[in-house]
Amino acid sequence: MTQTTTNYKSIQQQLEGLNADEKYMITLLSNTSALLNENLSNINWLGFYLIEDGQLILGPFQGRPACTPIQIGKGVCGTSVEKDITQRVDDVHAFPGHIACDARSQSEIVIPMHRNGEVIGLLDIDAPIKERFTVDDQVGLESIMKILEKQIAQTVK
């Protein structure tokens, strides 16, 4: 495993400044995916899925083409949304029902995204190495999602 250290405080500050007056959720998610992609090492896909018509559809992302739609309750992403919990998976091949969009992905972290207390989607990050995501990554990314959720609550669309 390659251990990485990410400065989540710096990302939080950048996120707050970048999206301070943004009115559109799609723009928030696009800029956030770009910001995270630039600041996280050893990842091969990063993006958002949004709940539409009772399923997860692909939102703004960085990486290769992705799976869509994903049924709620299926795979790492669908399970995260169904249970409304972060899923940090050290080895995706050991996760029951894992949906393999990119054979290079070995580990994954998925964090639900809320608007006014309701799950509206998620942040999904894949890595080409096992055990990429630590507890520190989970705490840092969850704190970033809290900032993003506050920003989303202020959007008009």
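Residues numbered from 1 in each chain as written. Predicted model: local features only at pLDDT ≥ 70, side-chain atom pairs only at ≥ 80, totals over all residues. Heavy atoms only, no water.

Visitor: Tell me what's going on with a nonpolar patch on the surface, and back it up with residues and numbers.
Guide: On the surface, a nonpolar cluster with roughly 310 Å² of combined accessible area is contributed by Y24, I26 and V156. Take V156: it is sitting in the segment after α4 (135-153). A relative accessible area of 60% places V156 in the exposed class. (Patch = residues over 30% accessible without salt bridge, like charges linked within 9 Å, V, L, I, M, F, W, Y side chains within 5 Å. Areas by Shrake-Rupley, 256 points an atom, 1.4 Å probe, with all protein chains shown as cover. Salt bridge = Lys/Arg side-chain N within 4 Å of Asp/Glu carboxyl O. Helix = DSSP H or I, 4+ residues; strand = E, 2+ residues; numbered from the N terminus. Buried < 20%, exposed > 50% of the residue type's maximum accessible area, 1.4 Å probe, protein only.)

Visitor: Give a detailed account of the pattern of salt bridges, specifying residues and quantitative values.
Guide: Considering all chains together, one arrives at 3 salt bridges under this definition. Between D137 and R132 there is a salt bridge, with the nearest N and O atoms lying 3.0 Å from each other. Take D137 and R132: they sit in the same class, and that class is buried. Between E149 and K146 there is a salt bridge whose closest N-O contact spans 3.9 Å. Within this pair, E149 and its partner K146 are both found in helix α4, separated by 3 residues, close to a single helical turn. Residue classification places E149 among the buried residues on the basis of a relative accessible area of 12%.

Visitor: Tell me about the sheet that holds strand β6 (residues 118-127), and name the residues and values.
Guide: Strand order in this open sheet of 6 strands is β3-β2-β1-β6-β5-β4, and the pairing throughout is antiparallel. The two strands at the open ends of the sheet, each matched to only one other strand, are β3 (70-71) and β4 (87-89). Here strand β1 (residues 45-52) runs beside strand β2 (residues 55-63); their pairing, made up of 7 bridges, is antiparallel. Within the sheet, the bridge partner assigned to I51 lies in β2 and is L56. (Pairing = 2+ DSSP bridges.)

Visitor: Quick one: what's the story with the UniProt feature "domain: GAF" (unreviewed entry) in the protein, residue by residue and with numbers?
Guide: In the numbering adopted here, UniProt assigns the feature "domain: GAF" (unreviewed entry) to residues 46-145. Regarding residues 46-145, the helix share stands at 20% and the strand share at 40%, and the terminal C-alpha atoms are separated by 14 Å. (UniProt positions renumbered as here; feature names shortened; annotations may be inferred.)

Visitor: Give a detailed account of the packing of helix α1 (residues 8-18) against helix α2 (residues 25-39), specifying residues and quantitative values.
Guide: In contact at an axis separation of 11 Å, α1 and α2 are set at 155° when each is read in the N-to-C sense. Taken as axis vectors, α1 and α2 run roughly antiparallel relative to one another. The chirality of how α1 crosses α2 is right-handed. Listed contacts from α2 to I11, Q14, L15 and L18 of α1 are N31, T32, L35, L36 and N39. Of the residues assigned to the contact of α1 with α2, the class counts are 5 nonpolar, 4 polar and no charged. (Axes fitted to C-alpha atoms, helices over the stretch in contact; angles between N-to-C directions. Parallel < 35°, antiparallel > 145°, perpendicular 65-115°, else oblique. Left-handed = near helix turned anticlockwise from the far one by under 90°. Contact = heavy atoms within 4.5 Å. Nonpolar A, V, L, I, M, F, W, Y, C, P; charged D, E, K, R; others polar.)

Visitor: Provide a residue-level description of the packing of aromatic side chains, including the pertinent values.
Guide: Applying the stated criterion to the full structure yields 2 aromatic pairs. An aromatic cluster is defined as three or more aromatic residues linked by ring pairs; in this entry it consists of W45, Y49 and F61. (Phe/Tyr/Trp six-rings, centres within 6.5 Å; stacked < 30°, edge-to-face > 60°.)

Visitor: Report on the nonpolar core, specifying residues and quantitative values.
Guide: Ranked by internal contacts, the top residues of the largest apolar core, which has 27 residues, are M113, I125, L141 and L148. Taken together, the elements giving at least two residues each to this core come down to α1, α2, β1, β5 (107-115), β6 and α4. Examining the composition of this core, we find that 6 residues originate from one element, α4, more than from any other. What L148 contacts, discounting residues up to four positions off in sequence, is L15, L28, L29, T32, F48 and M113. Counting 14 residues, the second largest nonpolar core, distinct from the first, contains W45, V92, V110 and V119. (Core = buried A, V, L, I, M, F, W, Y, C linked by side-chain atoms within 4.5 Å.)

Visitor: Account for the packing of α2 against α4, with residues named and values stated.
Guide: Viewed as axis vectors pointing N to C, α2 and α4 meet at an angle of 160°, and their least axial separation amounts to 10 Å. As judged from the angle between their axes, α2 and α4 are roughly antiparallel. In this structure, α2 crosses over α4, and the sense of that crossing is right-handed. In contact with M25, L28, L29, T32 and L36 of α2, α4 contributes L141, I144, L148, Q151 and I152. Here the contact of α2 with α4 is composed, by residue class, of 8 nonpolar, 2 polar and no charged.

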